[in-house]
Amino acid sequence: MITTAEYRAWAEESLKWAREAATPEEREAHIKSAEIWRQSALRSERLSKQPQTTEEWVLPPFQQWRQKGTSIK
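*Asks:* Describe the overall build of the protein chain, with residues and values.
*Replies:* A tally of helices and strands in the protein chain yields three helices and zero strands. When its helices and strands are written in sequence order, the protein chain yields α-α-α. A burial count over the protein chain gives 25% of its 73 residues as buried. If you take every contact in the protein chain between residues at least 6 apart in sequence, the share linking residues at least 24 apart comes to 64%. For the protein chain, the computed accessible surface area is about 5,900 Å², with 54% contributed by carbon and sulfur atoms.

Below, the structure written as structure tokens:
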């Protein structure tokens, strides 16, 4: 199960990709992804009844998590 910290890390990663986007359309797609990740973090906090966490979670390198069978379809 994904933790609140992981959802927030994915949101930050999406915003990083938005800053590096080559086109406005690409930037908007990454920003929308970040919003969804943040909403998921908030939902996770509500469901677990945890206070907002400041725990830092570092994303694994892209190739590492992709090789473990995690893919976006």
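*Asks:* How would you sum up helix α1 (residues 4-19)? Please name residues and give values.
*Replies:* Spanning 16 residues, α1 covers 23 Å between terminal C-alpha atoms, matching the ideal 22 Å at 1.5 Å per step. Of the residues making up α1, those classed as buried are T4, A5, E6, Y7, A9, W10, A11, S14 and A18.

*Asks:* Can you tell me about the packing of aromatic side chains, naming the residues and giving the values?
*Replies:* Evaluated as defined, the whole model comprises two aromatic pairs. Here the aromatic rings of Y7 and W37 are separated by 6.0 Å at their centres, their planes lie at 40°, and the arrangement is tilted. In this pair, Y7 is assigned in helix α1 and W37 in helix α2 (residues 24-48), connecting sequence segments 30 residues apart. Where W10 meets W37, the ring centres are 5.8 Å apart and the plane angle is 25°; that geometry is what we call stacked. With W10 in helix α1 and W37 in helix α2, this pair connects stretches of sequence that are 27 residues apart. Judged by its relative accessible area of 15%, W10 is buried. We classify W37 as partly exposed; its relative accessible area is 25%. Through a chain of ring-to-ring contacts, three or more aromatic side chains come together here, namely Y7, W10 and W37.

*Asks:* Got a sec to walk through the side chain of S14? Specific residues and values, please.
*Replies:* Tracing the sequence through the fold places S14 in helix α1. Sequence-distant contacts of S14, that is, excluding residues within four places in its chain, are made with H30, S33, A34 and W37.

*Asks:* With reference to specific residues and values, describe the pattern of salt bridges.
*Replies:* As enumerated under the stated definition, the model contains three salt bridges in all. With a closest N to O distance of 2.8 Å, R8 and E45 form a salt bridge. With R8 in helix α1 and E45 in helix α2, this residue pair connects regions lying 37 residues apart in the sequence. The partner of E13 in a salt bridge is K16, with the nearest N and O atoms 3.6 Å apart.

Cut-off values and rules
- Just so you know, the residues in each chain are numbered from 1, in the order the chain's sequence is written.
- Reporting of local features is limited, given that this is a predicted model, to residues whose pLDDT is at least 70; pairs of side-chain atoms are given and counted only at 80 or more, and all residues count toward the totals for whole chains, interfaces and linings.
- With hydrogens and water set aside, each side-chain value is computed from the structure's full complement of heavy atoms.
- Under the DSSP-based scheme used, a helix requires at least four consecutive residues in state H or I and a strand at least two consecutive residues in state E, with every element numbered from the N terminus.
- Only protein chains enter the calculation, and the probe is 1.4 Å; a residue is then buried if its accessible area is under 20% of its type maximum, exposed if over 50%, and partly exposed in between.
- Between two residues, a contact is recorded if the distance between any of their heavy atoms is within 4.5 Å.
- Here, Shrake-Rupley sampling with a 1.4 Å probe gives the accessible areas, and only protein chains in the shown set may cover a residue.
- One less than the number of residues in a helix, times 1.5 Å, gives the span that helix is expected to have.
- Stacked, edge-to-face and tilted labels apply to pairs of Phe, Tyr and Trp rings (six-membered ring for Trp) whose centres lie within 6.5 Å, assigned for plane angles under 30 degrees, over 60, and everything in between, in that order.
- Only one rule defines a salt bridge in this text: a Lys or Arg side-chain nitrogen within 4 Å of an Asp or Glu carboxyl oxygen.

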